[in-house]
2 protein chains.
Amino acid sequence: MTRTETAPERAARAIRNLIKSNGLGPGDSLPAQRELAATLGISRASLREALATLEAMGLIRVQAGKGAYVADPHDGMPRDDNQKRQAAQVYQFRLAIEPYVAGLAAQARTRDHLIALQRSIDDMQTAFEADDLITAANADTEFHEILLSASGNPLFAAAIFPTAQTIHENQMLPFANAAAIKAPLREHEQILRYVRDRNPSGARDAMHFHVLSAATRANIAFLRP
Amino acid sequence: MTRTETAPERAARAIRNLIKSNGLGPGDSLPAQRELAATLGISRASLREALATLEAMGLIRVQAGKGAYVADPHDGMPRDDNQKRQAAQVYQFRLAIEPYVAGLAAQARTRDHLIALQRSIDDMQTAFEADDLITAANADTEFHEILLSASGNPLFAAAIFPTAQTIHENQMLPFANAAAIKAPLREHEQILRYVRDRNPSGARDAMHFHVLSAATRANIAFLRP
DNA sequence: TGATACAACTGGTCAGACCAGTTATGGGAA
DNA sequence: TTCCCATAACTGGTCTGACCAGTTGTATCA
């Protein structure tokens, strides 16, 4: 039997669509609860349950007396007005996870992973040639996601998930510096080589270098153990 | 002004504590909503909002007509029936994160962190002497959580959160072997020593050893990069 | 003994009320 | 005219009490 979708579930999905289709960005406000409930044809109680789940997911932020707003992805983490510092935390985080994951991937990868990794590199190359930095950044992210999945341990992907958006944004930073634009491409190729050759320590070091280089390109410094 | 905590927020935290302190595991059922609301001194509406956030966080699962249950953390991630394999993934994950975090903590810790770490060690000791393995396991988890916070990078805590329950479960496994019961205690003390002395590489190695030892005690083997 | 019907649960949803903050507005005082 | 402040009209936060729809245990009847 296909379990019936609950009213708050339906509402939560509707609100997410509303945010998307209306192109609402961080800080933009949602309709008032009484109005939104009426629009969706549900009670305010159900609406509030939907809002509670969306808030738990970090998509919105609700303030008493004021309203509900589309959340800034950075708001889920402790106050830190300093942009640079946030970026530093992201790179610090990546430096912990990604070299390790690359080492695992070098051992656990299948032929399909290699193909997918190569394609993401090709996509990135093509995007660069077309000056399409958005697509290039997407390809960049994709490369890392494939490695994540190639590691064979779903916990890493689960761990990255909450910070995925922050990480992606950060991955675009380096591209602001047009001069060093091809460097990440070569670094990806180097990583892929080690992963293909099943050389964990090589992959690990190459990824370590890649993350540190990306930080340097973005002019970010941070504490390392 | 310190923004007042909302009733559902308070309730969510209370329920999480309830799960912890009662040692509820996956599949165990929570009290009925009417009863739980009365216990917490809030309305069912507020209680339901709390449950909605907990469900969004993947901590519980609510079924109409039946009840609310502590969720299996592995639901929502790729099927993997093999218990041993799940445990291996957890240790593999911890081995990536925790030594790195320990290294950071050794540099960023404050005096308060040291005090808290020492207390968690003392609690664990006391619990062992009282043969209270549940409390001991809680103290064990607490030690690691304090280090997480001492690292100064909230991303690590955020990353660990989704798998926190799995990790906690795993941390209890070693205690099944009564012989080696004091080992983790000594390992924690060793880590604390390095953290106190601001020795990152020492802390890192000690934590590496600690995680590997825990895995060995639990008779778990896994791939390392 | 076994099947069934009922009672007593469970969560899902709603309407409507009231409180406590926030904000816009309009009327006075300077 | 300009500025300030009281107030009205919002906003979300919370509660009560009701009813519906599933699930489950139990007692009754064949």
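Every value quoted in this text rests on a predicted model; they were computed, and no experiment measured them. (Residues numbered from 1 in each chain as written. Chains lettered and ligands numbered in written order. Predicted model: local features only at pLDDT ≥ 70, side-chain atom pairs only at ≥ 80, totals over all residues. Heavy atoms only, no water.)

## Section: the nonpolar core
Move 1: L147, F156 and F222 of chain A together with F156 of chain B are the most contacted members of the largest nonpolar core, which has 91 residues in total.
Move 2: Dropping the residues within four chain positions of it, F156 of chain A is found in contact with I97, Y100, V101, L104, L148 and S151 of chain A together with Q92, F93 and A96 of chain B.
Move 3: Counting 16 residues, the second largest nonpolar core, distinct from the first, contains A11, I15, I19 and L51 of chain B. (Core = buried A, V, L, I, M, F, W, Y, C linked by side-chain atoms within 4.5 Å. Buried < 20%, exposed > 50% of the residue type's maximum accessible area, 1.4 Å probe, protein only. Contact = heavy atoms within 4.5 Å.)

## What about the pairing of strand 2 (residues 67-70) of chain A?
Moving residue by residue along a regular strand, the side chains alternate between the two faces of the sheet.
Residue and element names in this part refer to chain A.
Move 1: When strand 1 (residues 60-63) meets strand 2, the two strands line up antiparallel, connected through four bridges. Bridging from a neighbouring strand, Q63 pairs with G67 of strand 2.
Move 2: Counting the residues that bridge the hairpin from strand 1 to strand 2 gives three residues, and of these G65 lies at a positive phi of roughly 80 degrees. (Pairing = 2+ DSSP bridges. Helix = DSSP H or I, 4+ residues; strand = E, 2+ residues; numbered from the N terminus.)

## Overview of a negative patch on the surface
Residue and element names in this part refer to chain A.
Move 1: The grouping of D122, D123, E142 and E145 at the surface amounts to a negative patch.
Move 2: Elements with a minimum of two residues in the negative patch: helix 5 (111-129) and helix 6 (133-150).
Move 3: Among the secondary structure elements, D122 is positioned in helix 5.
Move 4: Overall, the relative accessible area of 39% leaves D122 in the partly exposed class. (Patch = residues over 30% accessible without salt bridge, like charges linked within 9 Å, V, L, I, M, F, W, Y side chains within 5 Å. Areas by Shrake-Rupley, 256 points an atom, 1.4 Å probe, with all protein chains shown as cover. Salt bridge = Lys/Arg side-chain N within 4 Å of Asp/Glu carboxyl O. Lys, Arg positive; Asp, Glu negative; His and termini not counted. Charge placed at Lys NZ, Arg CZ, Asp CG, Glu CD.)

## Comments concerning the protein's contact with DNA strand D
Move 1: With respect to spatial proximity, 23 residues lie near DNA strand D, and among them R44 and R48 of chain A together with T6, A7 and S46 of chain B are the closest.
Move 2: Sugar plus phosphate, as a fraction of atoms of DNA strand D within 4 Å of the protein: 70%.
Move 3: Between A7 of chain B and DNA strand D, the recorded distance is 2.5 Å, taken from a backbone N or O atom to a phosphate oxygen.
Move 4: Among the secondary structure elements, those contributing two or more residues to the surface near DNA strand D are helix 2 (33-40), helix 3 (44-56), strand 1 and strand 2 of chain A together with helix 1 (7-21) and helix 3 (44-56) of chain B.
Move 5: Taken together, the residues of the surface near DNA strand D break down into seven nonpolar, nine polar and seven charged. (Near = heavy atom within 4 Å. Polar contact = N/O pair within 3.5 Å; in protein donor to acceptor, adjacent residues only side chain to side chain. Nonpolar A, V, L, I, M, F, W, Y, C, P; charged D, E, K, R; others polar.)

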